[in-house]
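Close look at the chain arrangement
Here's the letter readout for the chains.
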Amino acid sequence: MGQVKSQFTEEELQDYEDLTYFTKKEILYAHKKFKSLAPEKVGHNKNARLSMNKILQYPELRVNPFGDRICKVFSSQNGEISFEDFLDMMSVFSDAAPKSVKAEHAFRIFDFDGDDMIGKNDLKQVIQRLTGYNNALGDSDIDQLITNILEEADLDDDGALSFAEFEHIIDKSSDFTNSFRIRL
């Protein structure tokens, strides 16, 4: 671990610790995991940026139906992810991150069209990803499910979920925090 630690100054580690929900030890471990995705590129370059395809090799992202969306939300430029982006992502998905932070990022992941609302098309994509594109649900079943979701969660009846409405549903969900996590 000493070799990894030498890439960061104590001040940098302290800054990362202040800005995330991780300890210094966890930050160093996260860097080890990031480096393992492309050792030849990361090597001794702490500013290396990895493509989404490289990040999607991370085991828990590879099997996540929203892996590409997660990467898109956390990438800071060109869909490429720096260690700081990776650390931010892993911090949000950590057990220590508060429910409100997780909810904010979940909303952005599910807002496929980026209009700050989760509308019918966004919900359809969420359902398709959760059930698999070759699932037993037909279009009418998906439409009925969307109608049921909106009847339950769309408090202002505008046909879409605002962040406040989404957060209200998340608050009622006891399992959200457990399902919205990625282990280092």
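Here the structure is shown first, and the text comes after it.
Residues numbered from 1 in each chain as written. Predicted model: local features only at pLDDT ≥ 70, side-chain atom pairs only at ≥ 80, totals over all residues. Heavy atoms only, no water.

**Quick notes on the pattern of salt bridges**
- Tallying each qualifying case throughout the model produces seven salt bridges.
- Residue Glu12 pairs with Lys46 through a salt bridge whose shortest N-O separation is 2.8 Å. Pair noted here: Glu12 is in helix 2 (residues 10–19) and Lys46 is in the loop between helix 4 (39–42) and strand 1 (49–50), with a separation of 34 residues, a long-range link.
- On the basis of relative accessible area, Lys46 is assigned to the partly exposed category, the value being 28%.
- We note a salt bridge from Arg49 to Glu80, for which the minimum N-O separation is 4.0 Å. Placement of the pair is Arg49 in strand 1 and Glu80 in the loop between helix 7 (67–74) and strand 2 (81–82), with a sequence separation of 31 residues. (Salt bridge = Lys/Arg side-chain N within 4 Å of Asp/Glu carboxyl O. Helix = DSSP H or I, 4+ residues; strand = E, 2+ residues; numbered from the N terminus. Buried < 20%, exposed > 50% of the residue type's maximum accessible area, 1.4 Å probe, protein only.)

**Quick look at the environment of Ala97**
- Here Ala97 lies in the loop between helix 8 (83–92) and helix 9 (99–110).
- Along the chain, Ala97 and Thr20 lie 77 residues apart, while their C-alpha atoms are 8.4 Å from each other.

Honestly, that's just the spatial picture; any functional story needs more than this.
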